[in-house]
Amino acid sequence: MSAQTATAAVAAGELPPLLLKPQEERRIHAGHLWVFSNEINVATTPLTAFQPGDHVQLRSSHDRFLGYAYVNPRTLISARILGRDPEYPPGKSLLVHRFKVALALRERLHATPFYRLAFGEADLLPGLVVDRYGDVLVAQIGTAGMEAMKGEIQDALVKVLAPAGMLWKNDAGIRELEGLERYVETAFGEVPDYVEVPEGGVDFRVPLAAGQKTGWYFDQTANRAMIARHVRGLRVLDLFSYAGSFGLQAKRAGAAEVTCVDSSAPALEAAAATAEANELDVELLQGDVFDALEQFAAERRRFDVVIVDPPAFIKRRKDHPKGLAAYRRLNQLAMQTLDRDGLLLSCSCSYHLAPGELTDGVQRAARHLGRFAQLIAVGAQSPDHPVHPAIEETRYLRAFLFRVTDSC
Ligand code: SAH
């Protein structure tokens with residue numbers, strides 16, 4: 001036994017066990033990383049013995065080692081697996097390994113260092129996302145287990161990338177379910193207020209600490225490139241535009257006119273700064289998208305391409321009925337502003353909205369308006385947001401490009 005193996009064995013021995021009930025290891029064997037509270041043999045290994053974020057050895061009902069995990073006795077997902085190799089207990093060296101593997105994928109995909117470097121479960125880093133903006137990193141923790149490893153995460157990222165600065169953007173609402181505070185803080189080094197993100201021939205001005213989520217919506221990069229191929233000479237409406245990501249790229253790609261609508265003033269200020277610096281002439285409207293669409297309809301204002309990229313209307317399963325109705329209404333209003341032969345890009349980042357429900361919503365809108373919708377392209381989250389095939393929740397972004405004509 002090498003010295004390293006011996007240390008790992010000792011570390012593994014030190015971690016307390018968490019036993020599953022009989023038959024409950026099947027999903028874990030199939031690759032899933034989550035353990036729900038009802039799957040645990042609490043009579044032998046009570047969850048109440050643990051603090052949020054504690055490390056355990058997950059073991060089958062036959063007491064076979066399944067993997068290392070962190071636990072949170074307060075949440076429905078009581079444990080998430082960090083690794084299945086007994087020689088790599090949770091810690092800096094496991095994280096270094098994970099970040100190296102994640103980085104190798106992104107370097108394969110991207111010519112420049114702007115991307116989501118780590119996408120939670122899909123990179124075997126449950127509860128952690130890290131975005132890379134050149135030599136600045138923005139990371140977000142969503143679980144008590146990752147919060148407990150914050151220092152090691154930082155150290156591992158320094159070892160793999162030696163960034164000039166790093167920001168913790170730990171302000172997501174899901175943290176409250178885990179019993180975590182919400183905060184934004186500089187981890188180390190210099191973190192500028194704004195960074196420049198080059199995409200689609202535009203240098204975007206992106207706010208970091210003051211931005212939404214982790215700054216830039218890298219998950220839509222592939223869909224922005226897809227739509228840019230269809231806009232030359234056309235009038236484009238970018239709804240829920242944030243910093244003008246779709247709209248300004250469309251303008252660069254030759255759109256005749258571009259209108260961006262968003263309710264956030266800082267988002268539109270960033271879009272205005274990008275437009276000016278890149279000499280792109282676009283219309284920026286601050287306000288509620290539903291109101292703007294009612295107004296366009298009243299004015300009989302029409303567009304050739306409409307992009308609909310709303311925030312998640314269905315954050316939890318119980319929001320489904322209301323959210324579905326909102327997606328339907330939104331797509332119908334958006335379709336009303338489309339000229340005779342137009343394109344509608346309909347997106348949703350709600351995992352709980354099934355892909356068929358969104359296409360069905362567009363189809364119903366078309367029938368209601370006496371129009372004909374044809375699905376001509378299906379988009380997905382960009383590959384720097386990989387999907388873990390055993391964890392459906394990692395496949396969350398839907399994007400459907402419809403052609404909408406007057407024939408019915
Ligand atoms: N399309 C963007 C991401 C959009 S995120 C991109 O690719 O980068 C959703 C955006 O919708 C946010 O910028 C938020 O400010 C805005 N928003 C949320 N609700 C809104 C509403 N009712 N009306 C207008 N904008 C809204």
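For the structure, check the block above.
In this text the structure is predicted, and so the values were computed from the model without any measurement.

Caption draft 1: Region of interest: the pattern of salt bridges. Taken as a whole and assessed by the stated rule, the structure comprises 21 salt bridges. A salt bridge links Arg-235 to Asp-304; the nearest nitrogen and oxygen atoms lie 2.8 Å apart. Here Asp-304 lies in strand β16 (residues 303-308) and Arg-235 lies in strand β13 (residues 235-239), a separation of 69 residues in the sequence. For Arg-235, a relative accessible area of 24% puts it in the partly exposed group. What you see here is one network of salt bridges that share partners, running through Arg-80, Glu-121 and Glu-178.

Caption draft 2: Summary view of the site of the ligand. As a structural note, the neighbourhood of the ligand is formed by 17 residues, with Arg-224, Ser-245, Asp-262, Asp-288 and Asp-309 the closest of them. Note that an oxygen atom of the ligand is positioned 2.7 Å from one of the side-chain N or O atoms of Arg-224. Between the ligand and Asp-309, the relevant distance is 2.7 Å, taken from a nitrogen atom to a side-chain nitrogen or oxygen of the residue. For the ligand, the accessible surface in isolation is 580 Å², of which the surrounding protein chains cover 88%. Of the residues contributing to the shell around the ligand, the split by class is 6 nonpolar, 7 polar and 4 charged.

Caption draft 3: Region of the structure containing helix α8 (residues 265-277). Here α8 spans 18 Å end to end across 13 residues, near enough to the 18 Å set by a 1.5 Å rise per residue. Turning to α8, its buried residues are Ala-267, Leu-268, Ala-270, Ala-271, Thr-274 and Ala-275. For α8, the arc enclosing every buried residue in end-on projection is 155 degrees, short of the 170-degree limit, so these residues lie on one face. Turned more than 90 degrees off the buried face of α8, the exposed positions are Glu-269, Glu-276 and Ala-277. Its side-chain oxygen 3.0 Å from the backbone nitrogen of Ala-267, Ser-264 forms the N-cap of α8. One or two residues past the end of α8 sits Glu-279, with phi positive at roughly 55 degrees.

Caption draft 4: Layout of the packing of helix α9 (residues 289-299) against helix α10 (residues 320-336). At a minimum axis separation of 9 Å, α9 and α10 run at an interaxial angle of 35 degrees. Crossing of α9 against α10: the hand is left-handed. Facing α9, whose interface residues are Val-289, Phe-290, Leu-293 and Glu-294, α10 presents Ala-326, Arg-329, Leu-330, Leu-333 and Ala-334. Grouping the constituent residues of the contact of α9 with α10 by class yields 7 nonpolar, no polar and 2 charged.

Caption draft 5: Inspection of the sheet that holds strand β19 (residues 398-405) at higher detail. Pairing is mixed across the open sheet formed by 7 strands, whose spatial order is β15-β14-β13-β16-β17-β19-β18. Bordering the open sheet on either side are β15 (283-286) and β18 (372-379), each of which pairs with just one other strand. Neighbour-to-neighbour, the strand axes of this sheet turn through a mean angle of 15 degrees, independent of strand direction. Pairing of β13 with strand β14 (residues 257-262), which is carried by 5 bridges, proceeds in the parallel orientation. Residue Leu-237 lies in a different strand from β14, and its bridge partner there is Thr-259. With respect to the sheet, helix α11 (residues 355-368) is in contact with β17 (338-348), β18 and β19, its orientation differing from that of β19 by roughly 20 degrees.

Caption draft 6: The sheet that holds strand β10 (residues 183-189), seen in detail. Taken in spatial order, the 5 strands make up an open sheet running β6-β7-β8-β9-β10, and their pairing is mixed. Only two strands of the sheet have a single neighbouring strand rather than two, namely β6 (114-119) and β10. Going from strand to strand, the sheet's axes swing by 20 degrees on average, the running direction of each strand aside. Packed on one face of the sheet, helix α3 (residues 92-109) meets β6 and β7 (128-133) and runs near 145 degrees to β6.

Rules used throughout
- Residues numbered from 1 in each chain as written.
- Predicted model: local features only at pLDDT ≥ 70, side-chain atom pairs only at ≥ 80, totals over all residues.
- Heavy atoms only, no water.
- Salt bridge = Lys/Arg side-chain N within 4 Å of Asp/Glu carboxyl O.
- Helix = DSSP H or I, 4+ residues; strand = E, 2+ residues; numbered from the N terminus.
- Buried < 20%, exposed > 50% of the residue type's maximum accessible area, 1.4 Å probe, protein only.
- Near = heavy atom within 4 Å.
- Polar contact = N/O pair within 3.5 Å; in protein donor to acceptor, adjacent residues only side chain to side chain.
- Areas by Shrake-Rupley, 256 points an atom, 1.4 Å probe, with all protein chains shown as cover.
- Nonpolar A, V, L, I, M, F, W, Y, C, P; charged D, E, K, R; others polar.
- Expected span 1.5 Å × (residues − 1).
- Arc of directions from axis to C-beta.
- Axes fitted to C-alpha atoms, helices over the stretch in contact; angles between N-to-C directions.
- Left-handed = near helix turned anticlockwise from the far one by under 90°.
- Contact = heavy atoms within 4.5 Å.
- Pairing = 2+ DSSP bridges.

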